[in-house]
Structure formats: structure tokens, C-alpha cells
Amino acid sequence: MEYVQHVRSIWALARTYGFDALIVLGAIEGMLAMALRHDSAQAPHTASWFGVSAVAAMMLPLLARRRFPFAAPFLLWLLAPMLSFVDGRLIPFTPAISAAGMGGAFLLGKLRNGMQAWLGLGAVVGGTAAVVYNSPGHGAAELFFVPLSFSIAWLAGYALRERAEQAEAAEGRARQAERERDAAMRIAVAEERARIARELHDIVAHAVSVMVLQVGAVRHKLPSEFEEDADALRNVEQAGRTALTEMRRLLAAMRSDGELPELAPHPGLERVDSLVEDVTRAGLPVRLQVEGEPVALPRAIDLSAYRIVQEGLTNALKHAHATHADVSVRYLPHGLEVEIADDGVGGATSDGVGHGLVGIRERVKIYGGAMKAGSAPAGGFVLSASLPLDRDAS
């Protein structure tokens, strides 16, 4: 493990400073060639100190390319043709200068600023042509092929720049899509929580209404000698009516604009048979299986279990392209399990109005249950949810 980390650190250093090292080594090679090979037949006619200074002036500024991405390589291609007019043999004398020219052309092609990049191409082509023209013994073909070779280096940098911009654009689109998905998910969760809250408040309001009616009935039946008890019940009845009024106001505030109150009673598992028949008539054959002894469920859990079955069958019918579905309802000693399995291609995360698996997850979370959704080993899609039961609360 330490060896792998060591290799990775070396590779990171090489990627960061490898080009700088090549520049330094090339500059050293070029300066040594100017100083030690001055007696060669192809050596420049200028003094060796001038050649050494020229190599340093052209190559070492490339080390500042991070801070000056345009000026550093452009300076090289500005100095090269100017020095060739001083001595035509100076630039072609050492391969290090040619290699640095290739690197400079590549850096100019990589520039994000399009105007600077094309200005750099002009400097590369014009500078190369000037160097070749001033070189003794040049041929006509060299005036074409040498600038072309350096232009290819510029083109490689330009292509790399285009690829990097495309990758950044794709990454930006992916981040934007992820932000939009997160925002849509938060909206769906908020809408589903509001929907669940409205249902639960409706259930609580109904329970409070029943309690108020029962308290009132008991109060009216009390004999006159239980006046104190009647007053206490009257206070309870008044508190219940006040709570019921506030509950109705809260329900009205939680409804969306234009949303009408639900007048029909909320469904429960006793209506699963009708739901299965409706889905079957819609084109998806459904088989219902009930395991265990059915018991009276808390109204909120009963409603949530029905909604889970409804959502699972809706996904199978509209989104999964299933041809058959199975619904299992299991009454366990300390909980209720609901499972919807189909032979389709997969479940949908939304039914088009912000609910779906997100809503089911929120419903299950409220009661401390568990939910699973995914592809079955034999194919199809399985949605299962378990809801713990408090027998005393039922």
C-alpha cells in the first residue's frame, strides 16, 4: 500500500513539474552546446556568450507559463525569428531550441482565449518561416514542411483545449442535472410530506370530532346532581370544538391553491380488493394474497398501507410495462408487511405529480418502518414495506 502511494506521489509530481524539468534540461543542453561546440562547422558565427544568452532568453521564460500562459510561449516565438536575422545558424544549431519551439506552439494552441491562440498560430507559422528562410542552405520544401510540423504541434494543443472544454461542459451539465434532481427530490419530498400531513390531520380531526360528540352525548345524559362533572365535560367539549376549529383552519392552510377538501373517507386495506379489480380492468392482471389474521389497524397506518399498494400498482401499470403483478399483505404479530411484485422493467420514482417511491419512503419513515425497492433476481420489480404496529394504539 505504501509503495502504491509512493508511486502515485511520484506520478503526481511528474505530471506537475515534468514539463518544467524538460525545459531546464533542454536549456542546459542548449547552453552547453553553444559554449562547448562553438568550433563546429555548423556553429553560429556570433560569440558563444551571445548564443548561451539567446538560449536562456528563449527557453527559460517557458517556466513562467502558468502565470503568463500567452506571454511566455509567445516570447519564444518572438525572439526566435529576430535572432535568426542576427545569425541564421543560431536557432537550428541545437535540437533543444526546436523542442522548445514545439512546446511553445503546443502551449499557444491550448490557450482558452481564442484570439490569443490564433495570434500564437500566426507567430508560429511566421516565425518558423523566418527561421527557415534565414538558415543557410535551406530548400523550398523546408519553407513548407517545417512550418507545417510546428503548426501540427499547435493543432494538438488546440484539440486538447477543445476536448478539455467539452469535458468541463459535460461535467457542468452533469452538476446542473444533479442539482436539478436534488431540487426536484426536495420538492417531491416536501409535497409528499404535506400530503401525508393533510391526511393525518384529517384523521386526527375526525377523531377529535367523534370525541366531542361522545363527550356531548355523555354530558346531556348526566343527572342534575352531577353538575360539577357536567361542567368539566362541558369544558372538555369546548376545548375539543376549539381544537377542531383550529385543525380545520390548519387543513385549509395546508391545501394548495384551488385544491378542494376531500369529502370521501380515506381508504384503507379493506378497499384493496376494489383497487385490485380496478387495476385489472385497466389491463394489468393482479393477484392479491393476504397472509395472517387481519386485525384492526390504526387509521393512519391503514391509509398508508393502502397508499403503498396503490403506488406500487400504479408504477407497475404506467411505468414498468408489466404484464402481471402480485400483491401480498402480511399481518404479523408486531407489524404489517406489504409487497408488490411485477414482471416489468423496473419501478418509477414518481407518478408525475411528485410522489412515487419518494412518497412511500416518507410514509414508511414516519412510522419507523423499512422499505425496499429494486429488481428481483428472476426479473421484474419488487416493492416491499414493513410498518410496525402498536397493538395498544389500535
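Use the structure listed above.
Just so it is clear, the structure is predicted and the values come from calculations on it, not from any experiment.

Asker: Whenever I open this one, the overall build of the protein confuses me. Can you help?
Answerer: For the protein, the count of helices and strands is 10 helices and five strands. Overall, the C-alpha framework of the protein stretches about 130 × 55 × 50 Å when taken along its three principal axes. Within the protein, the proportion of its 394 residues that are buried is 37%. Of the contacts made within the protein by residues no fewer than 6 positions apart, 71% connect residues no fewer than 24 positions apart. As displayed, the protein has an accessible area near 22800 Å², and 61% of this comes from carbon and sulfur atoms.

Asker: Hey, could you run me through the packing of aromatic side chains in this one?
Answerer: Two aromatic rings are characterised by how far apart their centres lie and by the angle between their planes. Under the defined criterion, the tally for this structure stands at seven aromatic pairs. Aromatic side chains Trp77 and Phe150 sit 5.3 Å apart centroid to centroid with 80° between the ring planes, which places their arrangement in the edge-to-face category. Highlighted residues: Trp77 in helix α3 (residues 71-86) and Phe150 in helix α6 (residues 142-221), separated in sequence by 73 residues. The buried category is assigned to Trp77, whose relative accessible area is 6%. Judged by centre distance (5.0 Å) and plane angle (80°), the ring pair of Phe144 and Phe145 falls under edge-to-face. Assessed through its relative accessible area of 52%, Phe145 is described here as exposed. The structure contains a cluster of three or more aromatic residues connected by ring pairs, namely Trp118, Trp154 and Tyr158.

Asker: For this particular structure, what's the right way to read the pairing of strand β5 (residues 381-388)?
Answerer: The two faces of a sheet get side chains in turn, since along a regular strand they alternate between them. Relative to β5, strand β3 (residues 335-342) runs antiparallel, the two being bridged by eight bridges. Across the sheet, Ala341 pairs through a bridge with Val382, a residue of β5. Direction of pairing for strand β4 (residues 370-375) relative to β5: antiparallel, over a ladder of six bridges. When the sheet's bridge partners are listed, Ala373 is paired in β5 with Leu383. Counted between consecutive antiparallel strands, the loop separating β4 from β5 contains five residues, among which Gly379 sits at a positive phi close to 105°.

Asker: Sorry if this is basic, but what is going on with the packing of helix α2 (residues 48-59) against α3 here?
Answerer: Helix packing for two helices is described by the angle between their axes and how far apart those axes are. It is the contact of α2 with α3, at a shortest axis distance of 9 Å, that shows an interaxial angle of 160°. Put simply, α2 runs roughly antiparallel to α3. Every residue of α3 that contacts α2 at Phe50, Ala54, Ala57 and Met58 is listed here: Leu75, Leu76, Leu79, Ala80, Leu83 and Val86. By residue class, the composition of the contact of α2 with α3 is 10 nonpolar, no polar and no charged.

Asker: Would you explain a nonpolar patch on the surface in this entry?
Answerer: Together, Phe19, Leu22, Val24, Leu25, Ile28, Leu32, Leu36, Leu60 and Leu63 line one region of the surface with nonpolar side chains, adding up to about 810 Å² of accessible area. Note on placement: Val24 falls in helix α1 (residues 2-36). Residue classification places Val24 among the partly exposed residues on the basis of a relative accessible area of 34%.

Asker: Help me understand the sheet that holds strand β2 (residues 325-332) in this model?
Answerer: Within a sheet, neighbouring strands are paired by backbone hydrogen bonds and run either parallel or antiparallel to one another. Taken in spatial order, the five strands of this open sheet run β1-β2-β3-β5-β4, and their pairing is mixed. A strand with exactly one partner marks an edge of an open sheet, and here the two such strands are β1 (286-291) and β4. Pairwise comparison of adjacent strand axes, ignoring direction, gives a mean angle of 10° for this sheet.

Asker: Explanation requested: the nonpolar core in the structure shown.
Answerer: For soluble globular proteins, nonpolar side chains are generally found buried alongside one another. By size, the foremost hydrophobic cluster in this structure holds 35 residues, and its most contacted members are Leu269, Val286, Ile308, Leu313 and Leu336. Put simply, the parts of the chain that give this core at least two residues each are α8 (272-281), α9 (299-318), β2, β3, α10 (357-366) and β5. The dominant element in this core, judged by the number of residues it contributes, is α9, at nine residues. Not counting residues within four places of it along the chain, the set of residues in contact with Leu269 comprises Leu297, Asp302, Ala305, Tyr306, Val329, Tyr331 and Leu336.

Scoring rules and cut-offs
Residues numbered from 1 in each chain as written. Predicted model: local features only at pLDDT ≥ 70, side-chain atom pairs only at ≥ 80, totals over all residues. Heavy atoms only, no water. Helix = DSSP H or I, 4+ residues; strand = E, 2+ residues; numbered from the N terminus. Buried < 20%, exposed > 50% of the residue type's maximum accessible area, 1.4 Å probe, protein only. Contact = heavy atoms within 4.5 Å. Areas by Shrake-Rupley, 256 points an atom, 1.4 Å probe, with all protein chains shown as cover. Phe/Tyr/Trp six-rings, centres within 6.5 Å; stacked < 30°, edge-to-face > 60°. Pairing = 2+ DSSP bridges. Axes fitted to C-alpha atoms, helices over the stretch in contact; angles between N-to-C directions. Parallel < 35°, antiparallel > 145°, perpendicular 65-115°, else oblique. Nonpolar A, V, L, I, M, F, W, Y, C, P; charged D, E, K, R; others polar. Patch = residues over 30% accessible without salt bridge, like charges linked within 9 Å, V, L, I, M, F, W, Y side chains within 5 Å. Salt bridge = Lys/Arg side-chain N within 4 Å of Asp/Glu carboxyl O. Core = buried A, V, L, I, M, F, W, Y, C linked by side-chain atoms within 4.5 Å.

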